[in-house]
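One letter stands for each residue in the lines below.
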Amino acid sequence: MTPSDPISPSVSPPAGPPGLLVAFEGVDGSGKSTQLRRLSARLAAAKIPHTVTKEPGATPLGKKLREILLDPALPASALAQLFLFQADRAQHRQEVLSPALDRGGIVLSDRLSDATMAYQAFGFGLSRELVATLTRVALDGLRPDLTVLLDLPVEALEGRLSARAEGRTRFERLGRDYFDRVRRGYLEIARVHADRTLFLDATLPPDLLEKQIDAELARRFPGRFGR
Ligand code: TYD
């Protein structure tokens, strides 16, 4: 990637706060929320304190923005969505992420910045530069220490989403081509940010995925997760 490519890693990322930020990413129905919940339960059983959070909707403002963002009956252009997701993120960083990370805490987030690059830039075709710039501003330069990406081919996704056909959100209604672009976006982000991505095959059994996540966390952060 060229240095000006907005999804390429910067040459020397600035030192972040003392905590550890782990994001779970993937298309809708990839099982990332299940894996996040399972990891949280394992950490709780091992008495390892941590914060569980998500985007959009982790703060009082975010909950209102989430209602707007997911409402399939409310017209919202891709650009309008982008600003709303970034507003949610700015508040999320200020109220939840920075306080926990500044205390040195472990934070597990169900989606974070890669979702906007995948859904709004790759999915809807918005400028990657614009998405990257707004994300940098909203997160004040914060980035995940590790992103767990659950990759699911679009054929497998259709089966999982049709099971949730009732009450589908704005995004779940978008169809096969859209999700294929989003998935490809995630694959590209994972390729460029291989240093901070754990790439997982979401069609594998959940118990096996759980073991892969544990092994990676223990390998990368032995002081925090190692046994
Ligand atoms: P949610 O119900 O949280 O979906 P999931 O359980 O799959 O995480 O809805 C969040 C939706 O918002 C999801 O379809 C992805 C989409 N989204 C974006 O399009 N851009 C973003 O930046 C974020 C954070 C989410």
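Before any of the text, the structure's been laid out above.
In this report, the structure presented in the accompanying data block is examined. (Residues numbered from 1 in each chain as written. Predicted model: local features only at pLDDT ≥ 70, side-chain atom pairs only at ≥ 80, totals over all residues. Heavy atoms only, no water.)

1. Structural notes on the overall build of the chain
Check the secondary structure of the chain and you find nine helices and five strands. In sequence order, the secondary structure elements of the chain are arranged as β-α-β-α-α-β-α-α-β-α-α-β-α-α. The C-alpha atoms of the chain give 17 Å as radius of gyration, which agrees with the globular expectation for 227 residues (17 Å, within 12%). Counting only C-alpha atoms and orienting by the principal axes, one finds that the chain spans roughly 45 × 40 × 35 Å. Counting the 227 residues in the chain, one finds 48% classified as buried. Within the chain, counting contacts between residues at least 6 apart in sequence, those at least 24 apart form 80% of the total. Counting every atom, the chain has about 10900 Å² of accessible surface; 56% of that belongs to carbon and sulfur. (Helix = DSSP H or I, 4+ residues; strand = E, 2+ residues; numbered from the N terminus. Rg over C-alpha atoms; globule rule 2.2 N^0.38 Å. Buried < 20%, exposed > 50% of the residue type's maximum accessible area, 1.4 Å probe, protein only. Contact = heavy atoms within 4.5 Å. Areas by Shrake-Rupley, 256 points an atom, 1.4 Å probe, with all protein chains shown as cover.)

2. Side note on the layout of surface pockets
Empty space among the atoms becomes apparent when a probe as large as a water molecule is rolled across them. Here the second largest pocket defines a volume of roughly 530 Å³. Considering the residues around the second largest pocket, the lining is formed by 26 residues, among which Asp28, Lys32, Arg66, Asp110 and Arg111 are closest to the centre. Counting only elements with at least two residues in the lining of the second largest pocket, the list comes to α1 (32-45), α2 (60-70), α3 (78-102) and α4 (113-123). Classifying every residue of the lining of the second largest pocket gives six nonpolar, eight polar and 12 charged. (1 Å grid on protein atoms, 1.4 Å probe; cavity = no way out; pocket = protein on both sides within 12 Å on 5 of 7 lines; lining within 4 Å. Points joined across faces, edges and corners; volume = space filled by probe spheres on them. Nonpolar A, V, L, I, M, F, W, Y, C, P; charged D, E, K, R; others polar.)

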